[in-house]
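# Commentary on secondary and tertiary structure
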Amino acid sequence: MTPEQAQYYLLMLRMGEYEEYDAFLDRLLVEQDPLSPLVLELAFCMSDREQTISVLHNFLLDHPADEAQLMESQLAYVRKKYIEKAMTAAQVADYLYGLIVANDWDEPWSDLWQYYDVYELYDDGIISQAVFEQCFEAALLRGEDLDCFALQEEENKQKSLLGKLRDLI
């Protein structure tokens, strides 16, 4: 197990995402022969999530992970969940916010704030759900930074125009 994999699954466990870790460990138990000391130690604490987290944490003290690579793997994870419709845009934003907090707002994790910032605009009623989803999806899937305020203004103009047309009819 690489330090990046260990850090990735440590974060997943801290976020309550157990299924992917369990599948990964099962795969390692089948594929590795002989089992590495780390995998063997993880196998002995499979049912104890806190002990598993502790084992991974201790491993990472001696083998630090590349944080940028790890953040990209977390973004790939949520992109996949979003595309599969296993997570909504709001759930992805909450998940990414959890990663920011779990990593003490350190770089590069604080860069994830851009996704949650758009969600806050929606949650505070500043932009509509449609504008939020359009801006969020553009950022998450295509790396585009859309102007949410301009899009909301355009949507408001269209609604106003439709309202005036209805009044004429």
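Refer to the structure printed above.
Before going into details, it helps to say that this report is about the structure given with it. (Residues numbered from 1 in each chain as written. Predicted model: local features only at pLDDT ≥ 70, side-chain atom pairs only at ≥ 80, totals over all residues. Heavy atoms only, no water.)

### What to know about the overall build of the protein chain
Stated precisely, the cut-off is as follows: Labels follow the DSSP assignment, with helices taken as runs of H or I lasting at least four residues and strands as runs of E lasting at least two, numbered in each case from the N terminus. We compute the radius of gyration from the C-alpha atoms alone; for a globule the expected value is 2.2 Å times N to the 0.38, where N is the number of residues. Classification of residues uses two cut-offs on accessible area relative to the type maximum, computed with a 1.4 Å probe and protein chains only: under 20% is buried, over 50% is exposed, and between them is partly exposed. The contact criterion used throughout is that any non-hydrogen atoms of two residues lie within 4.5 Å. Here the open area of atoms and residues is found with the Shrake-Rupley method and a 1.4 Å probe, where only the protein chains shown may cover a residue.
Check the secondary structure of the protein chain and you find nine helices and zero strands. When the helices and strands of the protein chain are read in sequence order from the N terminus, they spell out α-α-α-α-α-α-α-α-α. Relative to the compact-globule value of 15 Å for 169 residues, the protein chain shows a C-alpha radius of gyration of 21 Å, a clear excess of over 25%. The C-alpha extent of the protein chain, read off along each of the three principal axes, is 80 × 30 × 25 Å. Looking at the protein chain residue by residue over its 169 residues, the buried ones come to 37%. Long-range pairs, those at least 24 residues apart, make up 54% of the contacts in the protein chain between residues at least 6 apart in sequence. Carbon and sulfur atoms make up 51% of the accessible area of the protein chain, which totals about 10000 Å².

### Observations regarding helix 2 (residues 18–31)
Quick reminder of the rule: Expected span of a helix, by definition, is 1.5 Å for each gap between consecutive residues, and there is one gap fewer than residues. In this description, the arc belongs to the directions extending from the helix axis to the C-beta atoms.
Its 14 residues give helix 2 an end-to-end C-alpha distance of 20 Å, which sits within 8% of 20 Å, the value for a rise of 1.5 Å per residue. The complete set of buried residues in helix 2 reads Tyr21, Phe24, Leu25 and Leu28. Across the axial projection of helix 2, the buried residues extend over an arc of 95°, all falling on one side. With respect to the buried face of helix 2, the exposed residues turned more than 90 degrees away are Glu19 and Val30.

### Here we look at the packing of helix 7 (residues 113–123) against helix 8 (residues 129–142)
As a reminder, the rule being used: Structural elements are reduced to axes, namely lines fitted to C-alpha atoms, with helices fitted over the stretch in contact, and the angle between N-to-C directions of any two is expressed from 0 to 180 degrees. Here the word oblique covers every angle except those under 35 degrees (roughly parallel), over 145 (roughly antiparallel) and from 65 to 115 (roughly perpendicular). Side-chain classes are defined by residue name, with Ala, Val, Leu, Ile, Met, Phe, Trp, Tyr, Cys and Pro counting as nonpolar, Asp, Glu, Lys and Arg as charged, and the others, Gly among them, as polar.
As a packed pair, helix 7 and helix 8 sit with axes 9 Å apart at the nearest point and diverge in direction by 175°. Taken as axis vectors, helix 7 and helix 8 run roughly antiparallel relative to one another. Only Gln129, Phe132, Cys135, Phe136, Ala139 and Leu140 of helix 8 make contact with helix 7, whose side of the interface consists of Tyr115, Val118, Tyr119 and Tyr122. For the contact of helix 7 with helix 8, a count of residues per class yields nine nonpolar, one polar and no charged.

### Thoughts on the packing of aromatic side chains
Stated formally: Geometry of aromatic contacts follows a simple scheme: Phe, Tyr and Trp rings, the Trp one being its six-membered ring, pair when their centres are within 6.5 Å, and the pair is stacked under 30 degrees between planes, edge-to-face over 60, tilted otherwise.
Per the stated rule, a full pass over the model turns up 14 aromatic pairs. On the numbers, 5.7 Å between centres and 65° between planes, the contact of Tyr119 with Phe132 is edge-to-face. Here the residue Tyr119 occupies a position in helix 7, and Phe132 occupies one in helix 8, the gap between them amounting to 13 residues. The burial state of Tyr119 is the same as that of Phe132; both residues are buried. Of the aromatic side chains, those joined through ring pairs into one cluster are Tyr82, Tyr97, Trp113, Tyr115, Tyr116, Tyr119, Tyr122, Phe132 and Phe136.

### Here's the deal with a nonpolar patch on the surface
Put simply, the rule reads: For patch detection, residues must exceed 30% relative accessible area and be free of salt bridges, and they are connected within 9 Å for like charges or within 5 Å for nonpolar side chains (Val, Leu, Ile, Met, Phe, Trp, Tyr). The salt bridge definition used is simple: a Lys or Arg side-chain nitrogen within 4 Å of an Asp or Glu carboxyl oxygen.
A grouping of Tyr97, Val101 and Trp105 is seen on the molecular surface, where their side chains present a nonpolar patch of about 260 Å² in accessible area. Position of Tyr97 among the secondary structure elements: in helix 6 (residues 89–102). By relative accessible area, which is 30% here, Tyr97 ends up partly exposed.

### Examining the pattern of salt bridges
Scanning all chains against the criterion turns up five salt bridges. Salt-bridge contacts for Arg49 lead to Asp22; the nearest nitrogen and oxygen are separated by 2.9 Å. Taken as a pair, Arg49 in helix 4 (residues 49–62) and Asp22 in helix 2 lie far apart in primary sequence, 27 residues in all. Among the residues examined, Arg49 registers a relative accessible area of 22% and is labelled partly exposed. With relative accessibility at 26%, the residue Asp22 sits in the partly exposed group. The shortest N-O distance in the salt bridge between Lys80 and Glu84 comes to 3.6 Å. Exposure remark for Glu84: the relative accessible area of 48% places this residue in the partly exposed category.

### Comments concerning the nonpolar core
Nonpolar side chains tend to gather and get buried jointly when the protein is soluble and globular. What counts, and what does not: Residues enter a nonpolar core if they are buried and are Ala, Val, Leu, Ile, Met, Phe, Trp, Tyr or Cys, with the set joined through side-chain atoms within 4.5 Å.
Val78, Leu96 and Leu112 are the most contacted members of the largest nonpolar core, which totals 50 residues. Residue assignment for this core shows that the elements contributing at least two residues are helix 1 (3–14), helix 2, helix 3 (37–44), helix 4, helix 5 (67–83), helix 6, helix 7 and helix 8. Excluding anything up to four places from it in sequence, Leu112 contacts Met71, Leu75, Leu96, Leu99 and Ile100.

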